[in-house]
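# Inside the fold
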Amino acid sequence: MTPSRSARRAIAPWRFWLPLGFQAVLILLLPAQALYTQAVGTPVVLQTAPVDPYDFLRGYYVTLNYDISIPRNLAELPGWEAIAPAEDPDNPTAALAADTPIYVVLEPPAGDANRPEGSQPAPWMPVRVSGDRPTDLTASQIALRGTYQNGRILYGLERYYIPEDQRQEINDRIQAAQQSDNPEAYVVEVKIDSMGRSLPIRIWVEGEAYRF
Amino acid sequence: MVSESFRRQLRQEAARWQQDGLISPEQYQQLANRYRLDRLDTAARDRFIAILLALGGVLLGIGVITFVAANWQSIPRGVKVILLLALFFGINWAGFSLWRSGQGTDGGDWRQRLGHGLLILGALTLGATLALFGQLFHQSGSAAGLCIIWGLGVVGMAYGLRLTSLGLLAGLLVGMGYWLGIRDFVFNEVQATGMDLLLREMPLVAGVLFLPLAYWCRSTLLFGLTAIAVFSSLLMGFGQINPDWVNTTATATVLLILTFTLPPAFLWAYGDDLWLGIGGFLRRPLGWVGDRPQEPPANFRPTARDFAILYLSIGVYIFSFHWSWLETTVSPTPEDASLGLALVAPWISSVSLPVLTVLLIVQWLWLAGWGGDWAGRSRDSQRFNQMDATILAILGAIAIILAIHWSLTPLPALGTFVFNGLLFLLGAGLMREGLGDGTRRQFWLGLILLTLQILSRVLEYETGLLLKSLTFLLCGVGVMAIGLWFERHVRTLAAAPPLTATREEDPS
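All of the points below concern the structure found in this document. (Residues numbered from 1 in each chain as written. Chains lettered and ligands numbered in written order. Predicted model: local features only at pLDDT ≥ 70, side-chain atom pairs only at ≥ 80, totals over all residues.)

### Digging into the overall build of chain A
Applicable threshold: By the criteria applied, helices consist of DSSP H or I runs no shorter than four residues and strands consist of E runs no shorter than two, each listed in order from the N terminus. Between the buried cut of 20 or more and the exposed cut of 12 or fewer other C-beta atoms within 10 Å of a residue's own C-beta lies the partly exposed class, and all C-beta atoms are placed from the backbone.
Looking only at helices and strands, chain A has 4 helices and 11 strands in total. Residues counted as buried form 33% of the 212 residues belonging to chain A.

Have a look at this one:
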């Protein structure tokens, strides 16, 4: 593999350190932003549907689908007309191009402040949508950034990686929660920073929190 | 550098020459020194150890990656991060130190080989670390983007240390990322930002990333990987075009013709001296010549030409079937066809296609002798010859026939006939060249082509048996006539003085 020559000069150390530094930057690029969102972001709870696909690099995960992932649910909110002028009420995304940014303004549920510590939170409610980052939010509101892709709105919150040894238990509980009459039995707690970037923190299933 | 099999044969023969008294023991020793015959056995053993150590590195790396994927909760997050980062830096540093300290010795010693194995393990640990952070922060992007970022990291190290093995690993990672990304694209899955741009421009990205590396490492294997990456991703874009549109839009016709002619034309005209000249030109401001200027630069043209011939053969073989000329029976309305083209527009409107087309023209002009001796064109470099003219004529014939068939009037009979003629010409030409140069590969490819052609035609036509029999009779007579003419031609050549200097001095 390596060519051999006896009259070969020793290789300069920078030729190792430079690429290694580049690799380190690649490694740290992702957590740097995620850590920022996790540190300063506002905790928000979203109403969520699950399977457990497998990614050969990162293992098993729960696929998360939110109420606000479905364009039909957002099309009734104020501000949608400005993003996608609807010619056909049955097809609210007809005018949307791929990668169109959509900001969803969320409001905490009533009585959230009085919730006992450690109990399952109720999901936040979407109140309006906007194509640009909203700057006129009230103190309790927060804007979540998503992009439109293939009939769905993606927030980067679509996967929650779970340990292999607990995946059966988690899946059974999620299934039970979804079959129950209470849709709020299965929610996801996320953090959102001021730019609207988000990160899943934990999932709540029937009153129990899972954080990995 | 002579091949190892030649050195082994030489050792055997030289020992016999010495036994028979043809050469003296001193002469044998001189030969042994010149071709390093004494190192043949140790070299084989060393290489085996190197392969085992590299394989061990790969297996350990997969172990680390699978450990991350298991997402085991007994170790807290923080400890996991520190553990993996320490592993990443530790393994890379240990690998580099060992590899470097063993480097000065002749052929490298165990430290270099172990270091090399650790560097491969380090490259895989990079992937595990990236995956761990993606997992800890629950990143939704598919594995495709992760593989490409990982490949970029590894390619950096391959450039730094000039390691072919890391270059190949990086090529595989980027390739894996590309095909996973294409799958996500087809199945409408979540894409990372900028991923579609990367997928679209992959021909250029792969070329820019890996072609200089192939020259830097002087690795034919890397060059082959680069060629496959560039042209398979280019074809991925063309593959989205529906052949049914060709009757209605000129763009689709041009693109489909390019599908069959651009890759072989590009690879046939591929000129190392041109690329090395461009490389030197770009490097000049940096004042950097590399650390082995005394060694001859790589020569990838033969490999490029092998690829070109293979591609051309497959294309011509497909069109030698009569059905491939009858396919375009459905003619959509021009509106439908334009709509279809608009759908694939993001793929075909990439920058890669025009850039490759311009480079194609530049390479043929260079081959034809334009540009003089810019950038020190090597004096003995091959100039435009009969072979180049033949290939150019074949490519031209393909382009013209396909253009007429797809845009003016269908040519089912003539097209089938011409492409069968081209296939025969290619097969026979390859066999002739292979025999002339003593290159076995060419000869066998030619023989396979001819056999395939005859078998396919026998099985393809089941009716008109009288006509079929007549065709084969005529073809048989024709081939024999060509053989006899050729024999006479060779004899006239041999008789015509002066063919070569040695022939002239021949006393008989």
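### What about helix H17 (residues 412-437) of chain B?
Residue pairs three or four apart in sequence face the same way in an α-helix, which turns once every 3.6 residues. Residues and elements named next belong to chain B. Rules: Multiplying 1.5 Å by the residue count of a helix minus one yields the expected span of that helix. What counts as a contact here is a pair of residues whose C-beta atoms, placed from the backbone, lie within 7 Å.
Spanning 26 residues, H17 covers 37 Å between terminal C-alpha atoms, matching the ideal 38 Å at 1.5 Å per step. Turning to H17, its buried residues are Gly415, Thr416, Phe419, Asn420, Leu422, Leu423, Phe424, Leu426, Gly427 and Leu430. Looking at the packing, one finds that the buried side of H17 touches helix H13 (301-319), helix H16 (386-408) and helix H18 (440-460).

### Details of the sheet that holds strand E3 (residues 59-63) of chain A
All names here are of chain A. Let me state the cut-off plainly: Only when DSSP finds a minimum of two bridges between them are two strands counted as paired.
The antiparallel open sheet is built from 3 strands, whose spatial order is E2-E3-E8. Strands with a single pairing partner mark the edges of an open sheet, and in this sheet they are strand E2 (54-55) and strand E8 (159-161). Note: E3 against E8, 3 bridges, orientation antiparallel. Each bridged residue has a counterpart across the sheet, and for Thr63 the counterpart in E8 is Arg159.

### As for the interface of chain A and chain B
Cut-off, in case you're wondering: Residue polarity is assigned by list, with Asp, Glu, Lys and Arg as charged and Ala, Val, Leu, Ile, Met, Phe, Trp, Tyr, Cys and Pro as nonpolar; anything else, Gly included, falls into the polar class.
Between chain A and chain B, the contact holds 39 residues from the first and 44 residues from the second. Looking at the side of chain A that touches chain B, the elements that each hand over two or more residues are helix H1 (14-40), E8 and strand E10 (198-205) of chain A. Broken down by element, the residue count for the side of chain A that touches chain B peaks at 12 residues, all from H1 of chain A. Its residues assigned to classes, the side of chain A that touches chain B shows 24 nonpolar, 7 polar and 8 charged.

### A look at the nonpolar core
Put simply, the rule is: The term nonpolar core refers to a set of buried Ala, Val, Leu, Ile, Met, Phe, Trp, Tyr and Cys residues connected through C-beta atoms within 7 Å.
Residues Ala123, Val154, Ala158, Leu166 and Leu267 of chain B are the most contacted members of the largest nonpolar core, which totals 105 residues. Of all the elements, helix H5 (residues 110-136) of chain B adds the most residues to this core, at 14 residues.

### Examining the packing of helix H4 (residues 77-101) of chain B against H5 of chain B
Residue and element names in this part refer to chain B. Put simply, the test is: Between N-to-C directions, angles cover 0 to 180 degrees, with each direction set by a line fitted to C-alpha atoms, over the stretch in contact for helices. Here roughly perpendicular refers to angles of 65 to 115 degrees, roughly parallel to angles under 35, roughly antiparallel to angles over 145, and oblique to all remaining angles. Throughout, a crossing is termed right-handed when the near helix is turned clockwise from the far one, and left-handed when it is turned anticlockwise from it by less than a right angle.
Two elements in contact, H4 and H5, have axes separated by 7 Å at closest approach and are oriented at 155°. It follows that H4 is roughly antiparallel to H5 by the angle criterion. With respect to the hand of their crossing, H4 and H5 are arranged in left-handed fashion. Considering only residue class, the contact of H4 with H5 consists of 18 nonpolar, 9 polar and 3 charged.

### Topic: the pairing of E10 of chain A
Residue and element names in this part refer to chain A. Taken across its 8 residues, E10 has 7 buried, putting it largely inside the fold. Here E10 pairs with strand E11 (residues 208-210) via 3 bridges, running antiparallel. Residue pairing across strands places Ile203 opposite Tyr210, the latter belonging to E11. Turn length for the E10-E11 hairpin, with the two strands adjacent in sequence and antiparallel, is 2 residues, and the turn residue Glu206 shows positive phi of about 45°.

### Thoughts on the packing of H16 of chain B against H17 of chain B
All names here are of chain B. Running from N to C, H16 and H17 point in directions that differ by 165°, and their axes come no closer than 11 Å. Overall, the two elements H16 and H17 adopt an arrangement that is roughly antiparallel. Where H16 crosses over H17, the two elements pack in a sense that is left-handed. The residues of H17 that touch H16, namely those facing Ile394, Ala397, Ile401 and His405, are Gly415, Val418 and Leu422. A per-class count over the contact of H16 with H17 returns 5 nonpolar, 2 polar and no charged.

### Here we look at the sheet that holds strand E4 (residues 101-107) of chain A
Residue and element names in this part refer to chain A. Reading across the sheet, the 4 strands line up as E5-E4-E6-E7 and stay open at both edges, with antiparallel pairing between neighbours. Single-partner strands in this sheet number two, and they are strand E5 (125-130) and strand E7 (152-154). When the angles between neighbouring strand axes are averaged without regard to direction, this sheet yields 40°. Taken together, the 5 bridges between E4 and E5 define a ladder with antiparallel strand orientation. Note that in E5 the partner of Tyr103 across the bridge is Ser130.

### A few points about the environment of Leu144 of chain A
All names here are of chain A. Relative to the helices and strands, Leu144 is located in strand E6 (residues 142-149). On the basis of neighbour count, Leu144 is assigned to the buried category, with 26 C-beta atoms found within 10 Å. Between the alpha carbons of Leu144 and Lys191 there is a distance of 9.5 Å; along the sequence they are 47 residues apart. Ignoring anything within four residues of it in the chain, the contact list for Leu144 reads Tyr103, Val104, Leu106, Tyr155, Ile192, Gly196 and Ser198.

### Remarks on H5 of chain B
Residue and element names in this part refer to chain B. Along its 27 residues, H5 runs 38 Å from first to last C-alpha, staying within 8% of the 39 Å computed at 1.5 Å per residue. In terms of burial, H5 is a largely internal element, 25 of the 27 residues being buried. Phi for His138, located one or two positions after H5, is positive at around 50°.

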